[in-house]
Number of protein chains: 2
Amino acid sequence: MESSIINPAFILVEPQMGENIGAVARAMLNFGLTDLRIVNPRDGWPNERAIAMSSGALDKMPPVRVFDTLSDAIHDLNFVYTTAAFDRFMVKPVMNPQDASQDMAVRAKDGQKIGVVFGRERSGLTNDEIAAGQVLITIPVNEDFASLNLAQASVVIGYEWSKHVIQQFAAHTPTGKSFPAYIKDFDDFFIRLETELDKGEFFRVPEMRDMMKRNIRNALLRAEFTDQEIKTLHGIITALTRKQS
Amino acid sequence: MESSIINPAFILVEPQMGENIGAVARAMLNFGLTDLRIVNPRDGWPNERAIAMSSGALDKMPPVRVFDTLSDAIHDLNFVYTTAAFDRFMVKPVMNPQDASQDMAVRAKDGQKIGVVFGRERSGLTNDEIAAGQVLITIPVNEDFASLNLAQASVVIGYEWSKHVIQQFAAHTPTGKSFPAYIKDFDDFFIRLETELDKGEFFRVPEMRDMMKRNIRNALLRAEFTDQEIKTLHGIITALTRKQS
């Protein structure tokens, strides 16, 4: 994680269920976020259900800050994203989570303090609350079942943000102490296989021999055997060709 | 959603909490997925807590299928992704959710039936269970708090998958019935503003006048006013310059 970046704050407006606050905290810390602010929580603060649901996240984060109004909760920020299931017919930039997180990363690296505001479980944010921020984020979901909840939305935003601050990896195949086999070792194995297949009269149609060999080679090469696995394959051929008594 | 695509199945191995099963179902349907399979659920099936937590998703999906073994649950699939918090030192391709969903989309469009396997809440999948699938998915998280739960992981995978099947939108500013103002209308407003600023002796330093005008123009253009908003701005100037009695 780049220490020079100020991670975004997550601001929950009038959350009703302590469980959801805890789930948001857990998702935040999973993705490296620690600035959780709550506006006027229904059941007050601290909240035992939130603590239980956070799986220890709330203990490892700086204390949650509680505010009376959204305005108070975002006054120290430069740029605020609000969230809603659908856009609200306001003339306001709308972004999906991926584009928003890209925008957030650019601003955060520029030193801006940013925050993402999430609404009430049942009714979301009011239009006035959405007007408090510069950008509205909506998450494209199944139109026939668009009931993404508070905790789920925080997972999506936290996850997209994390791509910019948590080390990502490219698709790969870890080989541990072994290493992808050198082509020579693969070829030695393949020649042995071919020899044994000839002995076993595998290639019954001579004209098909070359094509079948090529197909088998392609199939086996796709497995990307390691040097250790090539040894195992030699052992397999030895076992299969052993004279049964 | 492209109807020709077979959406991936989500397979939960020995889930303990009905709430988590319900949360997974909800996340699945939010992202257009409907094939939920459970291997040996601790509390049996159906599960009242799962139904409650699914917010109606379980009623709107085809019936969940319950299996005794993971092997039974995946036999009709062509390609299986397993999930784990960390890779397991097996020689097996590892992908992040984004790359995995790209891979899933290519296979699904090719007609392959695919599935994603999620492990137990506490202990995840065994190494043998991970060996049942072709690819392992891991989600990069905060190394100091890597406690992504079952429901959260399903949100991330479902969300990444949805990018390939649910209509995405580019960042934009909806303008409703109005339309971004034509430059001529903006210029007319700006000339009026300039005239009024001259009357109000705003430009005290003549050498600064051009630069200040340019800065104000840049600031106002950034707002990308609509035609309706330009009319509102004219009204604002009228009100501000009205002689106070």
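Here the structure is a predicted model, which means the values were calculated and not measured.

Attention now moves to the overall build of chain A. From N to C terminus, chain A includes ten helices and seven strands. A compact globule built from 245 residues would reach a C-alpha radius of gyration of about 18 Å, whereas chain A, at 29 Å, exceeds it by more than 25%. Intrachain contacts of chain A at a sequence separation of at least 6 include 83% that bridge at least 24 residues. When the accessible surface of chain A is totalled, it reaches about 12,900 Å², and 53% of it is carbon and sulfur. Seen as two clouds, the 27 positive and the 32 negative side-chain charges of chain A have centres 8 Å apart.

For the coordinates displayed, the defined rule picks out 13 aromatic pairs over all chains. Taken together, the ring pairs in this structure connect Phe31 and Tyr159 of chain A together with Phe31 and Tyr159 of chain B into an aromatic cluster. Lying across the ring of Phe190 of chain A, Arg217 of chain A places its NZ or CZ 5.8 Å from the centre. Its guanidinium or amino end placed over the ring of Phe203 of chain B, Arg209 of chain B lies 4.9 Å from that ring's centre, counting from NZ or CZ.

A separate point is helix 8 (residues 183–199) of chain A. Residue and element names in this part refer to chain A. Under the 1.5 Å per step criterion, the end-to-end length of helix 8 is 24 Å for 17 residues, consistent within 8% with the ideal 24 Å. In this structure, the buried side of helix 8 is in contact with helix 9 (209–222) and helix 10 (227–241). Directly beyond the C-terminal end of helix 8, a positive phi value near 55° is found at Glu201.

As a further point, take the nonpolar core. Generally speaking, a soluble globular protein has its nonpolar side chains buried in company with each other. Counting residues in hydrophobic clusters, the biggest one holds 84 residues, and the most contacted among them are Leu36 of chain A together with Leu36 of chain B. Once residues within four sequence positions are removed from consideration, Leu36 of chain A is found in contact with Phe10, Leu12, Ile21, Val24, Ala25, Met28, Leu58, Met61, Val64 and Arg65 of chain A. If you look at the next biggest cluster of nonpolar residues, it comprises 17 residues, including Ile11, Ile74, Val80 and Val117 of chain A.

Tallying each qualifying case throughout the model produces 34 salt bridges over all chains. Ionic pairing is found between Arg49 of chain A and Glu19 of chain A, a salt bridge with its closest N-O pair at 2.7 Å. Linking Arg49 of chain A in helix 2 (residues 48–53) with Glu19 of chain A in helix 1 (residues 18–30), this pair joins segments that are 30 residues apart in sequence. Of the charged contacts, one joins Arg107 of chain B and Asp103 of chain B as a salt bridge, the two residues approaching to 2.9 Å between their closest N and O atoms. Separated by four residues within a single helix, Arg107 of chain B and Asp103 of chain B lie in helix 5 (residues 97–109), roughly one turn from each other. Ionic contacts of the salt-bridge type, sharing partners, join the residues Asp35, Arg37, Arg65, Asp76 and Lys113 of chain A into one network.

Let us now look at the relation of the copies chain B and chain A. Note on the identical chains: chain B maps onto chain A by a rotation of 180° and an axial translation of 0.0 Å, with an RMSD of 0.1 Å. Given the turn and translation reported, the copies of this chain are related as if by a two-fold rotation axis. Taken as a fraction of all interface residues of chain B, those also at the interface in chain A reach 100%, which identifies the copy contact as same-surface.

This part takes up the sheet that holds strand 6 (residues 114–118) of chain B. Residue and element names in this part refer to chain B. In space, the seven strands of this open sheet follow the order 3-2-1-6-4-7-5, with parallel pairing throughout. If you trace the sheet from one side to the other, it starts and ends with strand 3 (65–67) and strand 5 (94–95), each paired once. Where strand 1 (residues 9–13) meets strand 6, four bridges bridge the pair, whose relative direction is parallel. Note that in strand 6 the partner of Leu12 across the bridge is Phe118. Each of strand 1 and strand 2 (35–39) touches helix 1 (residues 18–30); the most contacted strand, strand 2, lies at about 160° to it. Across the face of the sheet, helix 7 (residues 150–165) comes into contact with strand 1, strand 6 and strand 7 (135–137) while running at roughly 155° to strand 6.

A separate point is the interface of chain B and chain A. Listed per partner, the contact involves 53 residues of chain B and 53 residues of chain A. Taken together, both faces of the contact between chain B and chain A bury some 4,100 Å²; the carbon and sulfur share is 57%. Between the two partners, chain B and chain A, sit two salt bridges. The shortest N-O distance in the salt bridge between Lys163 of chain A and Glu160 of chain B comes to 2.6 Å. Viewed at the interface, chain A and chain B are joined by 18 residue pairs in polar contact (both at pLDDT 80 or more). Of all elements in the fold, only helix 1, helix 3 (57–60), strand 5, helix 5 and helix 7 of chain B reach the threshold of two or more residues within the side of chain B that touches chain A. Of all the elements, helix 7 of chain B adds the most residues to the side of chain B that touches chain A, at seven residues. Residue composition of the side of chain B that touches chain A, by class: 26 nonpolar, 19 polar and eight charged.

If you trace the backbone, Ser101 of chain A turns up in helix 5 (residues 97–109). When sequence neighbours within four positions are dropped, the list of residues in contact with Ser101 of chain A reads Glu160, Trp161 and His164 of chain A.

Our next topic: the packing of helix 7 (residues 150–165) of chain A against helix 7 of chain B. Following both chains from N to C, one finds helix 7 of chain A and helix 7 of chain B inclined at 70°, their axes separated by 9 Å at the closest point. Considering their axes alone, helix 7 of chain A and helix 7 of chain B lie roughly perpendicular with respect to each other. Both helix 7 of chain A and helix 7 of chain B take part in a crossing whose hand is right-handed. Contacts between helix 7 of chain A and helix 7 of chain B involve Gln152, Val155, Val156, Tyr159, Glu160 and Lys163 of chain A from the former and Gln152, Val155, Val156, Tyr159, Glu160 and Lys163 of chain B from the latter.

All names here are of chain A. Read from one edge of the open sheet, seven strands run 3-2-1-6-4-7-5, paired in parallel fashion. Across the chains shown, the open sheet's two edge strands, defined by having one partner strand only, are strand 3 (65–67) and strand 5 (94–95). Set on the sheet, helix 5 makes contact with strand 4 (79–83), strand 5, strand 6 (114–118) and strand 7 (135–137); between it and strand 4 the angle comes to about 165°. Packed on one face of the sheet, helix 7 meets strand 1 (9–13), strand 6 and strand 7 and runs near 155° to strand 6.

Let us now look at a nonpolar patch on the surface. On the surface, Val205, Met208 and Met211 of chain A cluster together to form a nonpolar patch covering roughly 230 Å² of accessible area. Tracing the backbone through its elements, the reader meets Val205 of chain A in the loop between helix 8 and helix 9.

What counts and how
- Residues numbered from 1 in each chain as written.
- Chains lettered and ligands numbered in written order.
- Predicted model: local features only at pLDDT ≥ 70, side-chain atom pairs only at ≥ 80, totals over all residues.
- Heavy atoms only, no water.
- Helix = DSSP H or I, 4+ residues; strand = E, 2+ residues; numbered from the N terminus.
- Rg over C-alpha atoms; globule rule 2.2 N^0.38 Å.
- Contact = heavy atoms within 4.5 Å.
- Areas by Shrake-Rupley, 256 points an atom, 1.4 Å probe, with all protein chains shown as cover.
- Lys, Arg positive; Asp, Glu negative; His and termini not counted.
- Charge placed at Lys NZ, Arg CZ, Asp CG, Glu CD.
- Phe/Tyr/Trp six-rings, centres within 6.5 Å; stacked < 30°, edge-to-face > 60°.
- Lys NZ or Arg CZ within 6 Å of the ring centre and 35° of its normal.
- Expected span 1.5 Å × (residues − 1).
- Core = buried A, V, L, I, M, F, W, Y, C linked by side-chain atoms within 4.5 Å.
- Buried < 20%, exposed > 50% of the residue type's maximum accessible area, 1.4 Å probe, protein only.
- Salt bridge = Lys/Arg side-chain N within 4 Å of Asp/Glu carboxyl O.
- Least-squares fit on C-alpha atoms with pLDDT ≥ 70 in both.
- Pairing = 2+ DSSP bridges.
- Axes fitted to C-alpha atoms, helices over the stretch in contact; angles between N-to-C directions.
- Buried area = accessible area lost by both parts, 1.4 Å probe.
- Polar contact = N/O pair within 3.5 Å; in protein donor to acceptor, adjacent residues only side chain to side chain.
- Nonpolar A, V, L, I, M, F, W, Y, C, P; charged D, E, K, R; others polar.
- Parallel < 35°, antiparallel > 145°, perpendicular 65-115°, else oblique.
- Left-handed = near helix turned anticlockwise from the far one by under 90°.
- Patch = residues over 30% accessible without salt bridge, like charges linked within 9 Å, V, L, I, M, F, W, Y side chains within 5 Å.

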